[in-house]
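Examining the three-dimensional arrangement
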Amino acid sequence: MTYATPQADGPRVVLSARGLGKDFAGFTAVNNVNLDLHHAQIHALIGPNGAGKTTVFNLLTKFLQPTRGEITLLGQDITKMKPDRVARMGMVRSFQISAVFPHLTVLENLRVALQRPNGLATQFWKPLSSLETLDPRADELIAELGLSPWRDRRAADLSYGRKRVLEIATTLALDPQVLLLDEPMAGMGREDVAMVADIIRNVAKTRAVLMVEHNLSVVADICHHVTVLQRGEIIAEGDYATVSQDARVRTAYMGVEA
Amino acid sequence: MAHGAAHSAGAEEGTVQLHPKAPTIRLVIVGLMILGLIFAPWFAYPIFVMKLMCFALFASAFNLLLGYTGLLSFGHAAFFGGAAYFTAHAAKVWGFTPELALLIGMTGAALIGLVIGLIALRRTGIYFTMITLALSQMFFFFCLQSPFTHGEDGIQSVPRGHLFGVIDLGPTMNMYYFVFAVVMLGLLVIWRFVNSPFGMILKSIRENENRAISLGYSVVSYKLGAFVMSAALAGLAGGLKSLVFQSATLTDVSWQMSGEVVLMTLLGGIATLTGPFFGAGIVVTLQNYLATSSFPVTILTGLVFMVCVLIFRRGLIGEFYASKLGQKLGYRTET
């Protein structure tokens with residue numbers, strides 16, 4: 001699939017949500033969320049626990065069907081689409097709990113990601129060796145993300161931080177236009193956080209990134225734009241400096257009077 | 001399915017040194033098994049070994065779903081028993097040659113699989129399992145009422161016929177090697193299916209369905225493909241059994257049969273290629289030995305199942321794969 005990419009002056013909008021809302025049996029989890037993701041920019045979605053960040057993620061990636069509102073991806077209305085279709089259009093997400101294929105090796109994890117874009121997913125009569133054509137690209141990604149020493153280890157045997165890195169690698173294998181990362185640094189050690197922050201900054205040079213993140217120093221460091229969510233609604237928007245001065249954000253995030 | 005369990009085992013597995021001739025040894029083991037089956041009729045009752053091979057194929061077809069796709073179907077008797085009826089009917093009433101009759105049985109099973117799969121795969125987990133059970137029970141009552149199955153009597157004295165119209169399958173030895181060839185072919189198909197680009201996607205769905213979706217795979221279509229394939233191969237096993245025993249009865253479509261195949265697969269080891277073969281061997285042997293005694297066989301198989309679940313959860317072959325020796329020979333555990 002190819003999409004026309006108009007070369008606008010400012011950063012173009014690749015994903016936009018208007019009036020997004022989701023009700024669960026009378027409980028409004030997300031209400032009236034407007035969001036614009038720009039090409040080559042990192043956008044952070046922050047907020048206290050239970051603010052609805054992951055729900056917004058699930059709505060945007062169509063793992064949940066919104067009750068209200070509409071979503072446009074690369075100029076196409078995706079409000080009613082299935083999640084796998086949206087992924088094929090170029091929006092790929094990660095999950096809060098590391099999403100790797102535990103009993104497959106690092107290399108096999110990457111192969112699975114590369115199989116579909118390379119038309120090697122449905123052949124049930126071909127031997128596994130037919131997938132070796134994917135290995136050069138897979139190895140490139142493995143090397144890029146520093147996973148080479150673990151290439152033939154099962155994903156289950158990797159440390160938590162490396163699992164998350166592997167997940168990012170498989171996501172990048174699809175060369176997505178829009179990348180949604182759900183707490184990519186949760187539970188990581190300090191060195192790993194710095195490494196992953198570098199990776200994200202790097203990949204965002206050519207694509208839009210939306211990330212849910214609790215680590216505010218990382219958000220301050222790498223994100224161009226911040227949206228703060230509380231009880232399912234947006235309470236502040238802007239760059240980190242602006243948002244962090246907002247009185248409502250300070251109350252919501254740090255407790256009373258931070 | 002087994003996210004946490006593998007974690008602790010991981011560190012140890014890396015330390016086991018692979019035997020330098022591991023691939024050769026693995027080939028020799030498979031070769032010995034095949035040789036064993038070729039010469040089995042000289043040592044064992046051929047009908048018994050044929051029955052065992054039919055069930056081994058059935059369990060292997062089932063394992064394609066449970067072991068390699070992560071779907072627990074509780075309705076596989078519909079495909080096994082359904083194909084037995086179709087094959088028996090084609091051979092007896094229409095006078096088809098055995099290979100064509102088997103093809104009819106397989107096609108029928110695949111079609112039932114398509115219908116059941118399309119409905120059941122709209123749900124996941126226990127709901128999927130329950131729907132397969134419900135639909136296969138509907139099929140059971142269809143078989144009970146339908147005139148062509150002859151209800152409680154079943155289809156009896158099914159002719160084995162002449163293979164390709166030439167080779168008489170009446171003599172036990174001819175039939176034996178025909179069954180042997182078909183079962184080997186079936187297992188070969190399963191092996192290729194599992195070790196193919198498609199099989200890789202199935203495994204990824206088993207491992208993490210949401211991740212597979214987020215990588216752009218329409219997982220329901222892949223599951224349906226595996227379901228129909230599994231149904232067709234289970235059908236091949238059922239059709240073969242109806243030719244061996246020259247009958248097709250309600251036993252083969254009953255829910256107990258669906259349960260038996262789950263037991264065989266778990267006993268032998270899910271997600272292993274040879275596991276279901278051994279699982280089927282244990283269950284069929286138990287049934288055979290206890291058939292003449294007054295001891296109820298279900299109690300014993302139930303006990304065996306409990307021991308398996310409590311002590312060796314990976315199943316017989318699965319535990320071997322996970323052992324030091326298995327690791328040394330380069331076997332991979334996937335559960």
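Residues numbered from 1 in each chain as written. Chains lettered and ligands numbered in written order. Predicted model: local features only at pLDDT ≥ 70, side-chain atom pairs only at ≥ 80, totals over all residues.

As recorded by an unreviewed UniProt entry, chain B carries the name Branched-chain amino acid ABC transporter permease and is attributed to Falsigemmobacter faecalis. Chain B has a UniProt comment under Subcellular location (unreviewed entry) that states "Cell membrane". (UniProt positions renumbered as here; feature names shortened; annotations may be inferred.)

Per an unreviewed UniProt entry, chain A is named ABC transporter ATP-binding protein, and its organism is Falsigemmobacter faecalis.

This part takes up the overall build of chain A. Along chain A, the regular secondary structure elements total nine helices and 10 strands. Projected onto its principal axes, the C-alpha coordinates of chain A cover approximately 60 × 45 × 40 Å. Residue pairs in contact within chain A that sit at least 24 positions apart in sequence constitute 66% of those at least 6 positions apart. (Helix = DSSP H or I, 4+ residues; strand = E, 2+ residues; numbered from the N terminus. Contact = placed C-beta atoms within 7 Å.)

This brings us to the environment of B:Tyr68. Residues and elements named next belong to chain B. Take tyrosine 68: it is sitting in the loop between helix 3 (46-66) and helix 4 (77-92). Take tyrosine 68: there are 24 C-beta atoms within 10 Å of it, and that puts it in the buried class. Non-local contacts of tyrosine 68, meaning those with residues more than four positions away in its chain, are made with Asn63, Val194, Gly199, Leu202, Lys203, Arg206 and Ala271. (Buried ≥ 20, exposed ≤ 12 C-beta atoms within 10 Å, placed from the backbone.)

All names here are of chain A. Strand order across the open sheet formed by four strands is 2-1-4-5, with antiparallel pairing between neighbours. Each having just a single partner strand, strand 2 (27-38) and strand 5 (76-77) make up the two edges of the open sheet. The pairing of strand 1 (residues 13-24) with strand 4 (residues 68-73) spans five bridges and is classified as antiparallel. Directly across from leucine 15, in strand 4, lies its bridge partner leucine 73. (Pairing = 2+ DSSP bridges.)

A separate point is helix 3 of chain B. An α-helical segment advances 3.6 residues per turn. Residues three or four places apart therefore align on the same side. Between its first and last C-alpha, helix 3 of chain B extends 30 Å over 21 residues, near the 30 Å set by a 1.5 Å rise per residue. Counting buried positions along helix 3 of chain B yields 18 of 21 residues, so the element is predominantly enclosed. (Expected span 1.5 Å × (residues − 1).)

Contacts between the two partners involve 27 residues from chain B, matched on the other side by 34 residues from chain A. Put simply, the parts of the chain that give the side of chain B that touches chain A at least two residues each are helix 1 (5-13), helix 7 (172-194), helix 8 (197-207) and helix 9 (209-214) of chain B. The biggest single contributor to the side of chain B that touches chain A is helix 8 of chain B, with eight residues. Its residues assigned to classes, the side of chain B that touches chain A shows nine nonpolar, 13 polar and five charged. (Nonpolar A, V, L, I, M, F, W, Y, C, P; charged D, E, K, R; others polar.)

Below, the discussion takes up the UniProt feature "transmembrane region" (unreviewed entry) in chain B. Here the UniProt-annotated "transmembrane region" (unreviewed entry) positions come out as residues 27-45, 65-88, 100-120, 126-144, 175-194, 214-240, 261-283 and 289-312 of chain B. The distance from the first to the last C-alpha atom of residues 126-144 of chain B is 27 Å, and the span holds 100% helix and 0% strand.

All names here are of chain A. Most of strand 7 (residues 178-182) is tucked away: five of the five residues are buried. What you see with strand 7 is no split at all: Val178, Leu180 and Asp182 on one side and Leu179 and Leu181 on the other are buried throughout. Here strand 6 (residues 91-93) runs beside strand 7; their pairing, made up of three bridges, is parallel. Its bridge partner being in strand 7, valine 92 is matched across the sheet by leucine 179. With five bridges connecting them, strand 7 and strand 8 (residues 208-212) associate as parallel partners. Residue pairing in the sheet places aspartate 182 in a bridge with valine 212 of strand 8.

This part is about unusual backbone geometry. Residue and element names in this part refer to chain A. Positive phi outside glycine occurs at lysine 62, with the angle close to 70°. What makes lysine 62 buried here is the crowd of 24 C-beta atoms within 10 Å. A positive phi angle, near 45°, is found at arginine 231, a position not held by glycine. Inspection of the secondary structure assignment puts arginine 231 in the loop between strand 9 (225-230) and strand 10 (233-238).

Now for the nonpolar core. Counting residues in hydrophobic clusters, the biggest one holds 182 residues, and the most contacted among them are A:Ala169, B:Leu57, B:Phe58, B:Leu64, B:Val179, B:Ala234 and B:Ala237. Once residues lying within four places of it in the same chain are set aside, the contact partners of B:Phe58 are B:Phe80, B:Ala234, B:Ala237 and B:Val261. (Core = buried A, V, L, I, M, F, W, Y, C linked by C-beta atoms within 7 Å.)

All names here are of chain B. Here helix 5 (residues 98-120) crosses helix 10 (residues 219-245) at 145°, and the two axes come no closer than 7 Å. Judged by the sense of rotation from one axis to the other, the crossing of helix 5 with helix 10 is right-handed. Considering only residue class, the contact of helix 5 with helix 10 consists of 18 nonpolar, seven polar and no charged. (Axes fitted to C-alpha atoms, helices over the stretch in contact; angles between N-to-C directions. Left-handed = near helix turned anticlockwise from the far one by under 90°.)

Time to look at the environment of B:Ser293. All names here are of chain B. Within the secondary structure layout, serine 293 lies in the loop between helix 12 (275-290) and helix 13 (297-310). For serine 293, a count of 8 C-beta atoms within 10 Å puts it in the exposed group. When the C-alpha positions of serine 293 and isoleucine 104 are compared, they lie 37 Å apart, and in sequence the two are 189 residues distant.

Another aspect to go through is the sheet that holds strand 10 of chain A. All names here are of chain A. Taking strand neighbours across the sheet as the criterion, the six strands line up as 6-7-8-3-9-10 in an open arrangement whose pairing is mixed. Two strands close off the open sheet at either side, each with one partner strand: strand 6 and strand 10. Recorded for the sheet is a direction-independent mean angle of 15° between the axes of neighbouring strands. Its contacts with the sheet place helix 1 (residues 53-60) against strand 3 (42-46), strand 6, strand 7, strand 8 and strand 9, and it is angled at close to 150° to strand 7.

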